[in-house]
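Coordinate analysis (summary)
The lines below spell out each chain.
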Amino acid sequence: MSNYSTQTKLIHNTYSVDETTNAVSVPIQQASTFHQNDFTKFGRYDYARSGNPTREALESTIAQLEGGSHGYAFASGMAAVSTTLMMFSKGDHLIVSEDVYGGTYRFVTEVLSRYGIEHTFVDLTKLDQLKKSFQPNTKAVYIETPSNPLLKVTDVSSVSELAHEHHALSIIDNTFLTPVLQQPLSLGVDIVIHSATKFLAGHSDVVAGLVVVNNETLADRIGFLQNSCGAILAPHDSWLVMRGMKTLHARLRQSVESTETIAAYLNQHPLIKNVYYPGLPSNPYYDVQKKQAVNGGAVVSFELVNGEATEAFVQHLQLPVFAVSLGAVESILSYPRTMSHGSMPDQECDARGITKGLLRLSVGLESCDELIADFEQALASTTLSHV
Ligand SMILES: *Cc1c(COP(=O)(O)O)cnc(C)c1O
């Protein structure tokens, strides 16, 4: 199977046809323990925290898709992040992307710090800043690209190379692009993390996390921590992620095409101050994104003139749901200032460009023409009332 494209591998992989029944959907093994036939020699499965066939199908599939050797499924993206970071010890130092996901920021600053694991936040899009941030005890560089919510792009292979020169691991959160659009292990990354809640599962109906590695040593460490911490993904939720992933390629093709059209539309609209999308040729990260990923993905952020106009615009919009999260069949509009970055002080938000006019749109599967018509009418009403 390994010679097929990612598109085909999403449909035809080791688990496409069940060995015991030829079912074309992976069976949900809703069992917590497994009978042992032999008094001294235990079988493939014993207790479901350590291994469950449905979860294993998902773990093996994501490993195949990312080009890795081992995959691990967790109860949420944050369970995947936190379990992975538990591999570090007191006195270790981590370099973390400045624009990291809010939950990761909270875990690093409020939990790992209590265990004596130090961190420095660095703008990883600036390699000279990264070079200056290594310490003798730096054990990992944690990347997230494109970043949230400003879609800044980190050069993954350069950062990984620098990490390795300093005997540190490189870890990436690949949630925004998925292996269909970016395969970080092939760019030199050691550990890939996903919130499978987003594009991978894709239907806003399950919370899940995944980790993929490409060598036995790291596999042993993550496997040990997965079993020790115990934040595993349930069989039914594993099945939901696998079911969602079958349409990942088709969903992304449609959503990215619409995102490119919407980004270009917003970019020429007089009421929009800024558009942040690495798939726009005018975007400063366009070239590095093109080098390491298939396209700019299906998330675009944009800035209206002020907070009042933004509120009016959101009130007038009909189609996108206004919510936290991304990567689903329905378009999801979110307001970073009070949602993902609500706990960040106002000054810090302003300094980072997370202004009162900033919105983030994850583009779903609606008709692109109808999405743009919706934006058009909402912007027209905004012009009349608030600018
Ligand atoms: C949502 C998200 C997470 C956390 O995942 P959960 O499944 O919500 O725990 C981590 N990283 C990124 C980039 C995310 O968007």
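Quick notes on the rules
- Residues numbered from 1 in each chain as written.
- Predicted model: local features only at pLDDT ≥ 70, side-chain atom pairs only at ≥ 80, totals over all residues.
- Heavy atoms only, no water.
- UniProt positions renumbered as here; feature names shortened; annotations may be inferred.
- Domains from an automatic or database assignment.
- Contact = heavy atoms within 4.5 Å.
- Buried area = accessible area lost by both parts, 1.4 Å probe.
- Salt bridge = Lys/Arg side-chain N within 4 Å of Asp/Glu carboxyl O.
- Polar contact = N/O pair within 3.5 Å; in protein donor to acceptor, adjacent residues only side chain to side chain.
- Helix = DSSP H or I, 4+ residues; strand = E, 2+ residues; numbered from the N terminus.
- Nonpolar A, V, L, I, M, F, W, Y, C, P; charged D, E, K, R; others polar.
- Pairing = 2+ DSSP bridges.
- Near = heavy atom within 4 Å.
- Buried < 20%, exposed > 50% of the residue type's maximum accessible area, 1.4 Å probe, protein only.

The chain is annotated in an unreviewed UniProt entry as cysteine-S-conjugate beta-lyase of Pontibacillus halophilus JSM 076056 = DSM 19796. What the UniProt record of the chain gives under Sequence similarities (unreviewed entry) is the line "Belongs to the trans-sulfuration enzymes family." UniProt, in its Cofactor (unreviewed entry) section for the chain, records the words "pyridoxal 5'-phosphate".

When the parts come together, some accessible area is lost, and that loss is often what is quoted as the size of the interface. Considered domain by domain, the chain is made up of domain 1 (6-245) and domain 2 (248-386). Computed over C-alpha atoms, the centres of domain 1 and domain 2 are 27 Å apart. Every contact between the two is made by 33 residues of domain 1 and, on the other side, 38 residues of domain 2. Across the interface of domain 1 and domain 2, roughly 3,000 Å² is buried in total on both sides, 63% from carbon and sulfur atoms. Per-residue buried area on domain 1 facing domain 2 is highest for Leu-150, Leu-181 and Phe-199; these three make up 23% of the total on that side. Joining domain 1 to domain 2, the criterion identifies one salt bridge. Residues Lys-291 and Asp-155 are paired through a salt bridge, measuring 2.9 Å at the closest nitrogen-oxygen approach. Where domain 1 touches domain 2, the interface holds 14 residue pairs in polar contact (both at pLDDT 80 or more). Those elements giving two or more residues to the side of domain 1 that touches domain 2 turn out to be helix H6 (156-165), helix H7 (178-181) and helix H9 (235-245). Among the residues making up the side of domain 1 that touches domain 2, the classes are represented as 16 nonpolar, twelve polar and five charged.

Reading across the sheet, the five strands line up as S8-S9-S12-S11-S10 and stay open at both edges, with mixed pairing between neighbours. Each edge of the open sheet carries a strand with a single partner, namely strand S8 (272-276) and strand S10 (321-322). Pairing geometry for strand S9 (residues 299-304) and strand S12 (residues 358-362), over five bridges, is antiparallel. Among the inter-strand pairings, Phe-302 is bridged to a residue of S12, identified as Leu-359.

We now examine the site of the ligand. Not every one of the 14 residues close to the ligand is listed here, only the nearest: Gly-77, Met-78, Asp-173, Thr-197 and Lys-198. In this structure, Thr-197 approaches the ligand through a side-chain N or O atom, which is 2.6 Å from an oxygen atom. Between the ligand and Lys-198, the relevant distance is 2.7 Å, taken from an oxygen atom to a side-chain nitrogen or oxygen of the residue. Along the lines of polarity and charge, the residues of the shell around the ligand split into six nonpolar, five polar and three charged.

The feature "modified residue: N6-(pyridoxal phosphate)lysine" (unreviewed entry), as given by UniProt, occupies Lys-198 in the numbering adopted here. Position of Lys-198 relative to the elements: it lies in the loop between strand S6 (191-195) and strand S7 (209-213). The exposure class of Lys-198 is buried, given its relative accessible area of 11%. The contact partners of Lys-198, leaving out residues within four places of it in the chain, are Thr-175, Ser-325, Leu-326 and Gly-327.

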